[in-house]
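Fold and geometry: a report
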Amino acid sequence: MNLDRYTQKAQEAVLAAKALAEDSRHASIEPAHLCLALVRQPEGIVPAIVTRIAGTTDLLAKALEQELEGRPQVTGGASQPGLSRPAAEALDDAESRARAMKDDYVSTEHLLLALAAGPLAKLLEGFGLTAESILEALGSVRGSQR
């Protein structure tokens, strides 16, 4: 993962996911941390996409928070959470999607698409967020802009 190839918003989302994991004292950054960071991102395209498909981001954020509540916590000294294998695979998939879409940088929509096609597929599908619905909403939100 080369963060230099990520947009500013995508970099902010990855760093916010790390902060969520640290604040929750989780041992690793999970896909749910990343998705929650994307959904909470002010003025981001992901909240616009989620709102367009699901009507609101609130219920999805609550579901992601519940998913994370059950994760074990690290006690003791300060630890830095690393990327879990599913989160690393999602980031790799996002990079592949950016290349396939002929985008120069990995953006938040690439991250959302990777999460919807991978580790969080079932959860996101419950809110109508599938790769197809995200691409359709993305077309109306982003248009042909790259």
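What follows is about the overall build of the protein. On a plain count of helices and strands, the protein comes out with 8 helices and 2 strands. Its helices and strands in sequence order give the protein the pattern α-β-α-α-α-β-α-α-α-α, from N to C terminus. Taking 15 Å as the expected radius of gyration for a compact globule of 146 residues, we find that the protein reaches 15 Å, a close match to that expectation. Counting only C-alpha atoms and orienting by the principal axes, one finds that the protein spans roughly 50 × 30 × 25 Å. The 146 residues of the protein split such that 42% are buried. Sequence-distant contacts in the protein: of pairs separated by 6 or more residues, those separated by 24 or more amount to 69%. As displayed, the protein offers around 7,800 Å² of accessible surface, 48% of which is attributable to carbon and sulfur atoms.

All right, on to helix 4 (residues 58-69) then. Its 12 residues give helix 4 an end-to-end C-alpha distance of 16 Å, which sits within 8% of 16 Å, the value for a rise of 1.5 Å per residue. Every buried residue of helix 4 is listed here: L60, A61, A63, L64 and L68. Down the axis, helix 4 shows its buried residues gathered within 160° of arc, on one side only. Those residues of helix 4 that are exposed and angled more than 90 degrees off the buried face are D58, L59, K62, Q66 and E69. On its buried face, helix 4 sits against helix 2 (31-39), helix 3 (45-54) and helix 7 (121-125).

What follows deals with empty space enclosed by the protein. Over the atoms a probe the size of a water molecule is rolled, and this reveals where empty space is left. Across all of its chains, the model carries 1 cavity of 30 Å³ or more by this definition. By volume, the largest cavity is sized at about 50 Å³. Along the walls of the largest cavity sit V14, A17, I29, E30, L34, L83, A87 and L91, which together make up its complete lining. Sorting the residues of the lining of the largest cavity by element identifies helix 1 (8-23) and helix 5 (85-100) as the ones contributing at least two each. Class assignment of the residues belonging to the lining of the largest cavity gives a composition of 7 nonpolar, no polar and 1 charged.

Turning to the packing of helix 2 against helix 4, a few remarks are in order. In a pair of packed helices, the angle between the axes and the distance between the axes together describe the arrangement. It is at 10 Å that the axes of helix 2 and helix 4 come closest, and there the two elements cross at 155°. In this view, helix 2 runs roughly antiparallel relative to helix 4, as classed from their interaxial angle. The two elements helix 2 and helix 4 meet at a crossing, and its hand is left-handed. Side by side, helix 2 and helix 4 meet where A32, H33, C35, L36 and V39 of the first sit next to L60, A61, L64, E65, E67 and L68 of the second. Looking at the contact of helix 2 with helix 4 residue by residue, the classes come out as 8 nonpolar, 1 polar and 2 charged.

The rules behind the values
- Counting from 1, residues in each chain are numbered in the order their sequence is written.
- Note on the predicted model: pLDDT of at least 70 is required for a residue's local features to be given, and 80 or more for side-chain atom pairs to be given and counted; whole-chain, interface and lining totals, by contrast, use all residues.
- For side-chain calculations, the full set of non-hydrogen atoms in the structure is used, while hydrogens and water are omitted.
- Numbering goes from the N terminus for both helices and strands, where a helix is a DSSP run of H or I of at least four residues and a strand is a run of E of at least two.
- Restricting the calculation to C-alpha atoms gives the radius of gyration, and the globule rule supplies 2.2 Å times the number of residues raised to the power 0.38.
- Accessibility here uses a 1.4 Å probe with only protein chains present; expressed as a share of the type maximum, an area under 20% marks a residue as buried, one over 50% as exposed, and anything in between as partly exposed.
- We call two residues in contact when some of their heavy atoms are within 4.5 Å.
- To measure how exposed things are, a 1.4 Å probe is used in the Shrake-Rupley method; for residues, cover is taken only from the protein chains shown.
- What a helix should span is 1.5 Å times the count of its residues minus one.
- Our arc is simply the arc of the directions from the helix axis toward the C-beta atoms.
- Residues are called lining when one of their atoms sits within 4 Å of a cavity or pocket point, these points coming from a 1 Å grid over the protein atoms alone, where a cavity is a set in which a 1.4 Å probe fits but cannot get out and a pocket is an open set with protein on both sides within 12 Å along at least five of seven lines.
- Grid points are joined across faces, edges and corners, and a volume is the space filled by probe spheres set on the points.
- Gly counts as polar in this scheme, as do all residues outside two lists: the nonpolar Ala, Val, Leu, Ile, Met, Phe, Trp, Tyr, Cys and Pro, and the charged Asp, Glu, Lys and Arg.
- Here an angle of 0 to 180 degrees is reported between the N-to-C directions of two axes, which are lines fitted to C-alpha atoms, with helices fitted over the stretch in contact.
- An angle below 35 degrees is read as roughly parallel, one above 145 as roughly antiparallel, one from 65 to 115 as roughly perpendicular, and any other as oblique.
- Put simply, a crossing is left-handed when the front helix is turned counterclockwise from the back one by less than a right angle, and right-handed when it is turned clockwise.

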